[in-house]
Amino acid sequence: MSDVSRFPVVELEDLPDDLRERVGAIAEKSGFVPNIFRALGHRPAELRAFLDYHDALMERTDGLTKAERELVVVATSGANHCTYCVVAHGAILRIRANDPELADRVSSNPWQVELDERGRAIVDLALALAQDSALFGEGDLEAARDAGLTEDEIWDVGAITALFAMSNRLAHLTALRPNAEFFLLGRVPR
């Protein structure tokens with residue numbers, strides 16, 4: 001086992017050209033290559049699919065804000081006990097919400113963290129789907145609608161929850177370790 005994953009990892013320079021360019025742009029922006037890309041890189045087709053779906057959900061400019069999208073990731077990843085995603089997306093949430101405490105509070109106890117009505121509805125909807133999806137139903141949807149979420153936003157919450165359920169399980173499978181850099185990002189308010 002490497003210090004990153006139970007499975008082989010690939011360095012940026014060893015990725016196929018298209019992925020090297022795509023992951024390289026992320027590394028240039030963040031200052032490091034997130035370990036998820038190194039771990040998934042040994043299966044390039046899967047890394048491409050992951051990035052495509054991730055970007056389709058997380059980079060949208062309408063509906064949920066980028067901070068709200070990260071709120072879903074952190075709440076559900078905490079409920080799924082996924083250290084990698086809590087640490088990595090916690091850093092992103094701290095930055096996008098400009099709040100050095102929110103990610104830690106949401107990941108450790110999403111049911112008790114103080115959120116506005118919209119944020120509470122987003123987290124509650126995501127957790128209802130993440131925790132016992134067989135019990136998910138109309139009551140969960142109605143509560144989200146009553147809080148003002150649109151059908152499109154409800155879909156986004158569900159799709160992000162589903163994508164990160166997969167991501168959380170891949171992180172567990174691989175024993176994926178977060179990059180040290182993630183732990184400090186966004187700790188000081190801007």
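Residues numbered from 1 in each chain as written. Predicted model: local features only at pLDDT ≥ 70, side-chain atom pairs only at ≥ 80, totals over all residues. Heavy atoms only, no water.

- The name recorded for the chain in an unreviewed UniProt entry is Carboxymuconolactone decarboxylase, from Amycolatopsis mediterranei.

## Here we look at the pattern of salt bridges
Part 1: Scanning all chains against the criterion turns up 20 salt bridges.
Part 2: With a closest N to O distance of 2.2 Å, Asp 17 and Arg 20 form a salt bridge. Residue Asp 17 and its partner Arg 20 are located together in helix H1 (residues 17–30), separated by three residues, close to a single helical turn.
Part 3: For Asp 17, a relative accessible area of 57% puts it in the exposed group.
Part 4: Residues Arg 118 and Glu 153 are paired through a salt bridge, measuring 2.8 Å at the closest nitrogen-oxygen approach. Taken together, the residues Arg 118 in helix H7 (residues 117–131) and Glu 153 in helix H9 (residues 151–174) connect sequence positions 35 residues apart.
Part 5: The class of Arg 118 is partly exposed, set by a relative accessible area of 23%.
Part 6: Among the ionic contacts, a cluster of salt bridges with common partners joins Arg 60, Asp 62, Arg 69, Asp 152 and Asp 156. (Salt bridge = Lys/Arg side-chain N within 4 Å of Asp/Glu carboxyl O. Helix = DSSP H or I, 4+ residues; strand = E, 2+ residues; numbered from the N terminus. Buried < 20%, exposed > 50% of the residue type's maximum accessible area, 1.4 Å probe, protein only.)

## Observations concerning the environment of Asn 109
Part 1: Of note, Asn 109 is situated in the loop between helix H6 (102–108) and H7.
Part 2: In this structure, the C-alpha to C-alpha distance between Asn 109 and Gly 78, residues 31 residues apart in sequence, is 8.1 Å.

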